[in-house]
Amino acid sequence: MENRRGRGNCRGSLKEVNMKNRDTTETGGDVHESRNGSVELKGRLRLRKKAEVTLLISHLSSSVAEPHLSSYLYFLFAPTLIYRDSYPRNPCVRWSYVTTQFLQVLGCLFYAYYVFVRLCIPQFHSVNMQLFNLRVMVLCIFNSILPGALILFLAFFAFLHCWLNAFAEMLRFGDRMFYRDWWNSTSFANYYRTWNVVVHDWLYSYVYRDFLWLTQKRFRATAMFVVFTVSAVVHEYVLAVCFGFFYPVLFCLFMCFGMMFNFILHDRRTGAVWNIIVWTALFLGLAVLLCLYSQEWYAQKYCPLEEPSFVDLLKPRSWTCSVRSSRAAGDA
């Protein structure tokens, strides 16, 4: 009986909080309907920006105090990268919601395993049977579009939606804007802002804005270049640690095509055609990543070096390795 009463109170309190938030947001801005049919409140974004400005002014005006240990520990586990002494909190935890989110993460992992086993491993295992050339690369990229798109959707749903929402619910973290409608983006500039709001807020607050503050707002293009560089280096470092080899494909795509598309497909590009172009570029980019990293993975496995030098560690093994040549060398 106590559990049922607790659940009822939790639901009731959550409804009250949602109604209060709805009242404050409706008075703060207009309501508009997005292209996917969902209703988005402009007031929520305005209130969030207003709260960030208020916190910034209060921190600058007051003396800097050391954070409490409890606040710092909460920040380490909260789904955010920006430290605050206090965050908006929900009144209770819905453990059924947490369980559902973790089960969905588990389901995404099983589905990703199925995609790799059925669509990736047979293809890349046979690719390494021949030398690397342009024909093999083109076929590999086009065959990687479908599994690359599936992995994109699974990674987005599993981490940015389920995983972050589960931790936010357990910690009663109130700000659940981990992403926005990036699938409706007609420009890569908007896609970068809406795909991962958590990382975007950190890059904007601690890299872009601080660089403009140091240069007195003179070099905005350079600040954007620094943001792309930091993001590319961190992403490439994570992949190098996970895979166990250095192959800067993601870094090159970020710094070359990512920056180029950011200026070409800017916010003034509107219309369904530009959304199709963004999706096409995403699918091709993911296919290139999946193809080249998978080839390098199998090349590192089939053509190991006994005493590799520093240059050998930087040189892609898949450019010169094939299963036939390695077997012939072993037989000789």
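Residues numbered from 1 in each chain as written. Predicted model: local features only at pLDDT ≥ 70, side-chain atom pairs only at ≥ 80, totals over all residues. Heavy atoms only, no water.

**Q** Would you take a moment to explain the packing of helix α10 (residues 249-264) against helix α11 (residues 272-302) for this structure?
**A** Two numbers describe a pair of packed helices, the interaxial angle and the distance between the axes. Between α10 and α11, the shortest axis-to-axis distance is 11 Å and the interhelical angle comes to 165 degrees. Relative to α11, α10 is oriented roughly antiparallel. For the crossing formed where α10 meets α11, the hand is right-handed. Contacts from Val 249, Leu 250, Leu 253 and Phe 261 in α10 reach Ala 281, Gly 285, Val 288, Leu 289, Leu 292 and Tyr 293 in α11. For the contact of α10 with α11, the per-class residue count stands at 9 nonpolar, 1 polar and no charged. (Axes fitted to C-alpha atoms, helices over the stretch in contact; angles between N-to-C directions. Helix = DSSP H or I, 4+ residues; strand = E, 2+ residues; numbered from the N terminus. Parallel < 35°, antiparallel > 145°, perpendicular 65-115°, else oblique. Left-handed = near helix turned anticlockwise from the far one by under 90°. Contact = heavy atoms within 4.5 Å. Nonpolar A, V, L, I, M, F, W, Y, C, P; charged D, E, K, R; others polar.)

**Q** So what exactly am I meant to see when it comes to the pattern of salt bridges here?
**A** Where charged atoms of side chains with opposite charge meet at close range, the side chains can pair. Taken as a whole and judged by the stated rule, the model has 2 salt bridges. Of the charged contacts, one joins Glu 169 and Arg 94 as a salt bridge, the two residues approaching to 3.1 Å between their closest N and O atoms. One end of the pair, Glu 169, is in helix α6 (residues 145-170); the other, Arg 94, is in the loop between α3 (69-77) and α4 (95-127), and 75 residues separate them in sequence. Here Glu 169 falls in the buried class, since its relative accessible area comes to 1%. Between Glu 169 and Arg 176 there is a salt bridge; the shortest N-O distance is 3.0 Å. Per residue, the accessibility class of Glu 169 equals that of Arg 176, and both read buried. Salt bridges sharing partners connect three or more residues here, namely Arg 94, Glu 169 and Arg 176. (Salt bridge = Lys/Arg side-chain N within 4 Å of Asp/Glu carboxyl O. Buried < 20%, exposed > 50% of the residue type's maximum accessible area, 1.4 Å probe, protein only.)

In short, shape yes, function no, at least from these values alone.
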